[in-house]
Amino acid sequence: MREKFSGEVWWFWFRLAIKVTLVVGAVYLAYHFYEKHRIANMTIGEQPRKRNLPSDAFVFVPKSYATDLASARERLTGKPLWVREGYRWMYQPGERLFEPLERVVPLAFEARGREVVLLFEKEGERCSFVIGTGQRVFVDDIFFVKDPREIYDHWTDEMWDEAAKGVVEVGMSEVRIGFALGVGEVVRQSPGGMTRIVDYKRGAAAGLEPVRVTYRDHVAASIEPLGG
């Protein structure tokens, strides 16, 4: 009799455990599918917005592939170069700064100690500019090896005139403003660089008003004067 009672108790607890397991499993599955549906809907609703980049962002910029003194001499001697970022690079004599898109024709490349120097002439004067070391030169980071007017051949004459005069306006691309004002200093930017705030101060010596530009997708959304 005791064995029959023990068997019934065991069977009761076994069936209870099975029921509890099924209930817990059902709750888990329901929650799992609910979360999957919620996350799917959230992902669709929070997809990054489509970025409408200016045409300048898709321009192919040719490279010289000059990587050392020997290749710079072979590929670039006597061929014109154009400065990519004005008011950033200093040359001798006099510690002068290159202007935006300034044209330079290398007369020679020399090794001076550990440095590689580009020699050129400006207004009848022999000038020099350090472009790297004996192991590596940085021509493609400093210069265009093709006339920018040919690279950005979709620009109008008016756009080039504005760049030459330092004219900047809301709606211009970051490339256009860089060609007008020279190198800028990034103050801050959003993750991914969709929004950037850049100060342009170095052209002040050339008579350009220092400004702060806020870019969204590489297009100027606002331009404010910088005091002091």
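What counts as what
- Residues numbered from 1 in each chain as written.
- Predicted model: local features only at pLDDT ≥ 70, side-chain atom pairs only at ≥ 80, totals over all residues.
- Heavy atoms only, no water.
- pLDDT = per-residue confidence, 0-100.
- Contact = heavy atoms within 4.5 Å.
- Pairing = 2+ DSSP bridges.
- Helix = DSSP H or I, 4+ residues; strand = E, 2+ residues; numbered from the N terminus.
- Patch = residues over 30% accessible without salt bridge, like charges linked within 9 Å, V, L, I, M, F, W, Y side chains within 5 Å.
- Areas by Shrake-Rupley, 256 points an atom, 1.4 Å probe, with all protein chains shown as cover.
- Salt bridge = Lys/Arg side-chain N within 4 Å of Asp/Glu carboxyl O.
- Lys, Arg positive; Asp, Glu negative; His and termini not counted.
- Charge placed at Lys NZ, Arg CZ, Asp CG, Glu CD.
- Axes fitted to C-alpha atoms, helices over the stretch in contact; angles between N-to-C directions.

Caption draft 1: Summary view of the confidence of the model for the protein. The pLDDT averaged across the protein works out to 84; a share of 77% of its residues lies at or above 70. Across residues 1-5, confidence stays below pLDDT 50; counting only partners more than four residues off in sequence or on other chains, it has zero contacts. Contacts for the low-pLDDT stretch residues 22-47, under 50 throughout, to residues beyond four places or in other chains number zero contacts.

Caption draft 2: Structural view of the pairing of strand β6 (residues 115-122). Here strand β5 (residues 108-112) runs beside β6; their pairing, made up of five bridges, is antiparallel. Across the sheet, the residue bridging to A111 is V116, located in β6. In textbook terms, the turn of a hairpin is the stretch between consecutive antiparallel strands, and for β5 and β6 this stretch comprises two residues, one of which, G113, has a positive phi near 65 degrees. Two strands pair when backbone bridges link them, and β6 and strand β7 (residues 125-133) are joined in this way by eight bridges, in the antiparallel orientation. The residue of β7 that forms the bridge with L119 is S128.

Caption draft 3: View of a negative patch on the surface. Judged by side-chain charge, D157, E158, D161 and E169 come together as a negatively charged surface patch. When you line up the elements, D157 lands in helix α5 (residues 157-165).

Caption draft 4: Representation of the sheet that holds strand β4 (residues 103-104) in the model. Across the sheet, which stays open at both edges, the three strands sit in the order β4-β1-β8 with antiparallel pairing between neighbours. Strand pairing shows two members of the sheet lacking a second neighbour, β4 and β8 (143-144), which therefore form its edges. As paired elements, strand β1 (residues 81-83) and β8 share two bridges and run antiparallel to each other. Its bridge partner lying in β8, W82 is registered against F144.

Caption draft 5: The arrangement of the sheet that holds β7 in detail. The three strands are arranged β5-β6-β7 in an open sheet whose pairing can be described as antiparallel. Each edge of the open sheet is held by one strand with a lone partner, namely β5 and β7. With direction set aside, neighbouring strand axes in the sheet form an average angle of 35 degrees. Sheet strands touched by helix α2 (residues 69-76): β5 and β6. Its angle to β5, the strand with the most contacts, is close to 165 degrees.

Caption draft 6: Examining the environment of L226 more closely. For L226, the position within the fold is in the segment after β12 (219-225). It is 8.7 Å that separates the C-alpha atoms of L226 and Y200, two residues lying 26 residues apart in sequence. Setting aside residues no more than four positions away along its own chain, L226 makes contact with D199, K201, P210, V211 and R212.

Caption draft 7: Inspection of the pairing of β12 at higher detail. The pairing of strand β11 (residues 211-216) with β12 spans six bridges and is classified as antiparallel. Considered in β12, the bridge of R216 is made with V219. Taken together, β11 and the strand that follows it, β12, pair antiparallel across an intervening segment of two residues, in which D217 is found at a positive phi of about 55 degrees.

Caption draft 8: Spatial organisation of unusual backbone geometry. A cis amide bond links Q92 with the next residue in sequence, P93, at an omega value of 0 degrees. If you trace the backbone, P93 turns up in the loop between β2 (90-91) and β3 (96-97). Despite not being glycine, Y65 has its phi angle at roughly 60 degrees, a positive value. Tracing the chain through its elements places Y65 in the loop between α1 (2-45) and α2.

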